[in-house]
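One-letter residues, chain by chain:
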Amino acid sequence: MSYGIPSAEPSAQVPVCPRHPDRPSYVRCQRCGRPACPDCQRAAAVGFQCVDCVNETKRTTPEVRTVYGGAVATGKPLVTFGIIAACVVVYALQMLIPGDWVYKQFAYNNIFAAPQYGAFEPWRMVTSAFLHSPDSLLHILLNMYTLWIFGQALEPILGRVRFLALYLISALGGSVGYLLMNPVLVPGQGLVGLVGASGAIFGLFGAMLLVQRQRGGDTRQLWVLIAINGVIGFLIPHIAWQAHLGGLITGGLCAAVLAYTPRGRRQGLLQALGLAAVFALLVAASWIRVTL
């Protein structure tokens, strides 16, 4: 009787990552069950999912939005920190570049909005909000601290894009307020430049006041804060209270557009049209002022 020698069973096939066939992968996606190498694994509530399943979930899951239509952004308020970083960088350039070059290029004065004087440079009405007095460190510190406080409150509520639009239009509104309540050119008087984020900061005050009221919150502390800062503008020389008032009104108008636009599929479009209308109103008021 002969005895056969049993043949060895074929070894089980080593699982490999579909995206990287040269990599053995013993961890499987909790959703589709396919192997996933370390580069293709994404942490999930339980175990891991492959990158394809994560991307598919993002495509099919509706984007979560705030009550004001902005995309919900978790983590740090990036727009707020970005504005602060820009102001700090510009302030450093003001200190490092000799001859007041940065100030002369980007500061605002009413004559720069007056075409009849041959100096029509309206972009200064926004760029001036990123400059601060190089002679006063307290100027930029107070503005940036206030921006940090109110930015962390407003940016998550409004969304990053809407918050940035609010800030920039409020900065423009501050310069427009200065233009409307000051003569374009005083004969025999030298030009005094307008710099600082105060107009935009007051825009955040106005926006926070309206948002807080619309949400049913207590606004008494905000009124006190606005009143104190408003009075300081009259008591301390070289503070443009006109820019504060212009920014406050503009911020309130922008916030009214964002807060009271009905929710729905067309909310974003209507908000964009409303903010564009505020911007157009500022442009029209400026043009009428300098052409009278």
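Structure's up top.
This section reports on the structure supplied with the text.

Analysis parameters
Residues numbered from 1 in each chain as written. Predicted model: local features only at pLDDT ≥ 70, side-chain atom pairs only at ≥ 80, totals over all residues. Heavy atoms only, no water. Helix = DSSP H or I, 4+ residues; strand = E, 2+ residues; numbered from the N terminus. Contact = heavy atoms within 4.5 Å. Buried < 20%, exposed > 50% of the residue type's maximum accessible area, 1.4 Å probe, protein only. Salt bridge = Lys/Arg side-chain N within 4 Å of Asp/Glu carboxyl O. Phe/Tyr/Trp six-rings, centres within 6.5 Å; stacked < 30°, edge-to-face > 60°. Patch = residues over 30% accessible without salt bridge, like charges linked within 9 Å, V, L, I, M, F, W, Y side chains within 5 Å. Areas by Shrake-Rupley, 256 points an atom, 1.4 Å probe, with all protein chains shown as cover.

Some remarks on the side chain of E155
- Within the element layout of this structure, E155 appears in helix 5 (residues 137-158).
- Here E155 is in contact with P77, L78, V79, T80, R160 and F163, once residues within four sequence places are set aside.

Quick look at the side chain of S286
- Here S286 lies in helix 10 (residues 267-291).
- Here S286 falls in the buried class, since its relative accessible area comes to 10%.
- Ignoring anything within four residues of it in the chain, the contact list for S286 reads M125, V176 and L179.

Here's the deal with the pattern of salt bridges
- Per the counting criterion, the structure on display carries six salt bridges.
- A salt bridge links D52 to R19; its shortest N-O distance comes to 2.7 Å. On the criterion of sequence distance, the pair formed by D52 in helix 1 (residues 51-60) and R19 in the segment before strand 1 (41-43) is long-range, its members being 33 residues apart.
- Residue class for R19 comes out partly exposed when judged on its relative accessible area of 44%.
- Between D52 and R34 there is a salt bridge; the shortest N-O distance is 3.3 Å. Note that D52 is positioned in helix 1 and R34 in the segment before strand 1, a separation of 18 residues in sequence.

Some thoughts on the packing of aromatic side chains
- Taken as a whole and assessed by the stated rule, the structure comprises five aromatic pairs.
- An aromatic cluster is built from F150, F202 and F205, whose rings are joined through pairwise contacts.

Focus: a nonpolar patch on the surface
- Together, L180, M181, L245, I249, L253 and L281 make up an exposed nonpolar region whose accessible area comes to about 500 Å².
- Examining the composition of the nonpolar patch, we find that three residues originate from one element, helix 9 (residues 241-260), more than from any other.
- Summarising the element assignment, L180 is placed in helix 6 (residues 160-180).

Read these as layout, nothing more, since geometry by itself doesn't imply function.
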